[in-house]
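Here are the chains, one letter per residue:
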Amino acid sequence: MPTSRHAESPTATDRIEDPWGARTPYGPQHPSWPARVDTFLEDGIDASDVDRWVQSASILHSNGDALDIAVKDGRIVGVRGRAADRINRGRLGPKDLFGWQANNSPDRLTRPLVRDGDRLVEADWETAMGRVVDRSRELLDGPGGWGHFGFYTSGQLFLEEYYTLGVIGKAGIGTPHMDGNTRLCTATAAAALKASFGTDGQPSSYTDVDHCDAIALWGHNVAETQTVLWMRMLDRRRGPNPPAMVAVDPRATPVAREADVHLAVRNGTNQALMNGLIRELLVHGWIDERYVDEHTQGFEKLQQAVDAYPPERVAQICDVPAGQVRAAAEILGTCERLLSTVLQGFYQSNQATAASCQVNNIHLLRGMLGRPGAGIYQMNGQPTAQNTREAGADGDLPAMRNWDNDEHIRQLAELWNVEVDKIPHWAPPTHAMQIFRYAEQGSIKLLWISATNPAVSLPDLARIRRILERDDLFVVVQDLFLTETARFADVVLPAATWGEKLGTFTSVDRTIHISDKAVEPPGEARPDLDIFLDYARRMDFRDRDGGPLITWDDPESAFEAWKACSAGRPCDYTGVTYDRLRGGSGIQWPCNARHPDGAERLYTDGVFNTDPDYSETYGHDIPTGAAHTESEYRAKEPKGRAFLHAVDYEPSPEVPSDEHPLLLTTGRTVYHFHTRTKTGRAPQLDGAAPDVWVELAPDDARGLGIAEGDLVEVRSPRGMITARARVCGVRPGVVFVPFHYGYWDTPASTGPEGGAGRAVNEATVSGWDPVSKQPIFKVAAVAVRKVAGAAGGHAPAPTVGGAEPVGDAAVPRTSGGRAAMATSTVEEAS
């Protein structure tokens, strides 16, 4: 075995100016990705001052970066990466390094709040929970019962909390109206995995970056959304035998600038591009015919569908050169180990599930699954989104069971000791957009929102505000801060967060981490699990024998209950314990007798989870979303084969017009997460991107008389925002605005425009994909006009990242000083 040594980096790295830090190049022959330990501590604190280091992982993205929390005098004072962990080998991104400071923010909620007329006033827990329980009992005992309840949760709680919430909703109340903000983020990831392979669950491992010879990024700005994964890719690109890279994105992002082929497609045309690329694979014979014959079905229909998409037609639809389509197809078709990753550029766009399934199709056609370097990440956007789906806190049933399979319902009824009919399975689960529609119609009368901020993150915000302020809707908000959404609540419950509670969560490549409690929560704030358990106790939910429905009382016993639920299912956790998760690296599921150390990859034998008795779904008609029946699905006789889906391109539901001639797309910046509830309270992150901005192509800006830094209005048929212009490398005809910014500045915020008119979702569309039900944030028609000239000559653009800047927007702005500095140590093979 090779030994390792640590060498101190020559200087501290400013991780605001350089989010990805120093390179540690390596090649496919290297035994593993070299370690590099990143650390950030509060001013005046050195490592020797730290009282203890507490094991955890990042809660501000989906990568699952393992870290230790530094504690001094009962406070969190910093973090450092865990070199032993398989995910990050010690590296941390800017949000990891600096985002923890939100825990110490002086405006944390520390006591419950209840509504008194038009005000929220402090109360004790007895009063607050009494109001929630009284309204719950009133609704549950009255006409309509369970139909009046809606639960809308997050991708940032812990597995144990999701499972408890799922049991409360599905077996305590018996409502199908449960979903998470994962619906906005990665519902299409789950939908595409189910549609192609039978169940949710990423087939691949992050270690596939170490072995691949080509990387394709499909609508995934990984450099800004999963910075540590991008570090891994960059280190391979700087090492021997680097992988080729293809990027699909309408913006000149850091990923696009790194790629060998950048396909800057017109928004909403992903499906046409994918059909054209698959046609090139077929025309040139770049497929594994034996694998296709033995392990898939649907090839003939796919071949027929894509034949209508030669490169010239794709070029016309997507507005990219035909030569680039051919060049990308050649990389995809001639590489030996292809790794693909997919995110919001596909998931939040037109024909989301269809286009994402085409990525799966490419890997199935080429036999690029189940071996080192050959795989897919249908990526998540949030740290615990995988657990939301696995544990049943959204529209899915726990442990990837099929709501339309009677035996799966019977299994849950036996596990929870309730009657079969108590568990909602008479119709598809209610997705987030429909939950809010039911609230708008007055059917849902109690809406419990935990750890998310829909008053900023949902589309068509004027409508969402009208729903939340309805007199007949009782709103419960469970959060850390008085968010835009909490201001509409009837009861606000102060929650503990990461570092203040114990639990586990699972990253994109199925790696489970433990997050130990490092400090006490502030004031009277409580862990989310304790809040849910208290609600279940007060509601006196019972099983069919009269015993308590919820039989666990702390995180570890909740985890053991979850393990029993997961047994024999794709996400089998039965071989995992809290003790096994402590001290070393995270462990991948499935982890059981067959895979005692976890399975690095799925489908290594080419047998997929499509058996009708095992699959998570009976499938859908991809263009329309119509669900297939059990008999229709069984008639296909999948026998463990994957499905190749064939879908024609259809234009977006909203396209440019004379009145709204540009296309709006939204997205993230490297420095912020979701609606800035945490990252806006970290001075370094807020200082790097303090306010919203609008990206315009140079030709579009000139035609509109707009210069760098001008104040502009972006208006759609639904609403408008104002922001400073950034003239940069977005494709012509497209306007980009980050979605993080809400209406009220956080204490750390220094944005020049204040809080008003900053939320881009004022302008986005209330439409969704027919299968995944994920909103279409990427294709709204807008008009842009100049409102005022530049203020001081600079736009409030991010320090780095985003589309390639033009002119003086390239000048970095940092918060300066030690506060923005993080140290790294590099571990090299010797």
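Only a predicted model underlies this, so the values are computations on that prediction, with no experimental measurement involved.

**Q** Sorry if this is basic, but what is going on with helix 19 (residues 432-441) here?
**A** The α-helix winds at 3.6 residues per turn, so residues separated by three or four positions along the chain end up facing the same way. Of the positions making up helix 19, those classed as buried are Ala 432, Met 433, Ile 435, Phe 436 and Ala 439. End-on view of helix 19: buried residues confined to an arc of 160 degrees, all on one side of the axis. Buried residues along helix 19 sit in contact with strand 9 (149-153), strand 10 (178-180), helix 4 (182-185), strand 17 (446-450), helix 20 (454-457) and helix 21 (461-468).

**Q** Explain a negative patch on the surface here, please?
**A** A surface patch of like charges, here negative, comprises Asp 288, Glu 289, Asp 293 and Glu 300. Along the chain, the position of Glu 289 falls in helix 11 (residues 289-295).

**Q** What is the right way to read the environment of Gly 619 from this model?
**A** Structurally, the position occupied by Gly 619 is in the loop between strand 22 (587-588) and helix 25 (630-635). Look at Gly 619 and you get buried, because its relative accessible area is 16%.

**Q** Can you walk me through the sheet that holds strand 11 (residues 214-218) in this structure?
**A** Two orientations exist for strands paired in a sheet by backbone hydrogen bonds: parallel and antiparallel. If you trace the five strands from one edge of the open sheet to the other, you get 13-12-11-15-16, paired in parallel fashion. Looking at which strands have only one partner, the edges of the open sheet turn out to be strand 13 (261-263) and strand 16 (375-378). Strand-to-strand, the axes of this sheet are offset by a mean angle of 10 degrees, without reference to chain direction. Bridge analysis of strand 15 (residues 338-342) against strand 16 gives four bridges, and the strand direction is parallel. What sits directly across from Val 342, in strand 16, is Gln 378. The strands that helix 14 (residues 322-334) touches are strand 11, strand 12 (244-248), strand 13 and strand 15; relative to strand 13, the one it contacts most, it runs at about 125 degrees.

**Q** What exactly am I supposed to notice about the side chain of Asp 210 here?
**A** With respect to the helices and strands, Asp 210 occurs in helix 6 (residues 208-211). A distance of 2.5 Å separates polar atoms of two side chains, one belonging to Asp 210 and the other to Tyr 26. A distance of 2.9 Å separates polar atoms of two side chains, one belonging to Asp 210 and the other to Arg 232.

**Q** How should the nonpolar core be read in this particular structure?
**A** For soluble globular proteins, nonpolar side chains are generally found buried alongside one another. Core analysis: the largest hydrophobic core is formed by 81 residues, its most contacted members being Phe 197, Trp 218, Trp 230, Leu 263, Leu 273, Leu 277 and Phe 346. Ranked by residue count, the leading element in this core is helix 10 (residues 270-283), at seven residues. Among the domains, domain 1 (5-104 + 820-829) and domain 3 (187-379) are the pair contributing at least three residues each to this core. Not counting chain neighbours up to four residues away, the residues in contact with Phe 197 comprise Pro 203, Asn 360, Leu 364, Leu 369, Ile 376, Tyr 603, Phe 608, Asn 609, Thr 610 and Ala 642.

**Q** Honestly, the environment of Arg 86 in this entry has me stumped. Any pointers?
**A** Residue position: Arg 86 is located in the loop between strand 6 (75-81) and helix 1 (94-98). If sequence neighbours within four positions are ignored, Arg 86 has contacts with Ser 205, Thr 207, Arg 232, Asp 509, Thr 511, Ser 585, Gly 586, Gln 588 and Glu 600. For Arg 86, the side chain forms a polar contact with the side chain of Ser 205, separated by 2.8 Å. Side-chain polar atoms of Arg 86 contact the side chain of Asp 509, separated by 2.6 Å.

**Q** I keep staring at the state of the cysteines and nothing clicks. Help me out?
**A** One covalent bond between the sulfur atoms of two cysteine residues makes up a disulfide. Applying the stated criterion across every chain, the model contains zero disulfides. Cysteine Cys 212 is unpaired, with the sulfur of Cys 335 as its nearest cysteine sulfur at 8.8 Å. In this structure Cys 565 is a free cysteine whose sulfur lies 7.8 Å from that of Cys 571, the closest cysteine sulfur available.

Conventions we followed
- Residues numbered from 1 in each chain as written.
- Predicted model: local features only at pLDDT ≥ 70, side-chain atom pairs only at ≥ 80, totals over all residues.
- Heavy atoms only, no water.
- Buried < 20%, exposed > 50% of the residue type's maximum accessible area, 1.4 Å probe, protein only.
- Helix = DSSP H or I, 4+ residues; strand = E, 2+ residues; numbered from the N terminus.
- Arc of directions from axis to C-beta.
- Contact = heavy atoms within 4.5 Å.
- Patch = residues over 30% accessible without salt bridge, like charges linked within 9 Å, V, L, I, M, F, W, Y side chains within 5 Å.
- Areas by Shrake-Rupley, 256 points an atom, 1.4 Å probe, with all protein chains shown as cover.
- Salt bridge = Lys/Arg side-chain N within 4 Å of Asp/Glu carboxyl O.
- Lys, Arg positive; Asp, Glu negative; His and termini not counted.
- Charge placed at Lys NZ, Arg CZ, Asp CG, Glu CD.
- Pairing = 2+ DSSP bridges.
- Axes fitted to C-alpha atoms, helices over the stretch in contact; angles between N-to-C directions.
- Polar contact = N/O pair within 3.5 Å; in protein donor to acceptor, adjacent residues only side chain to side chain.
- Core = buried A, V, L, I, M, F, W, Y, C linked by side-chain atoms within 4.5 Å.
- Domains from an automatic or database assignment.
- Disulfide = S-S within 2.5 Å.

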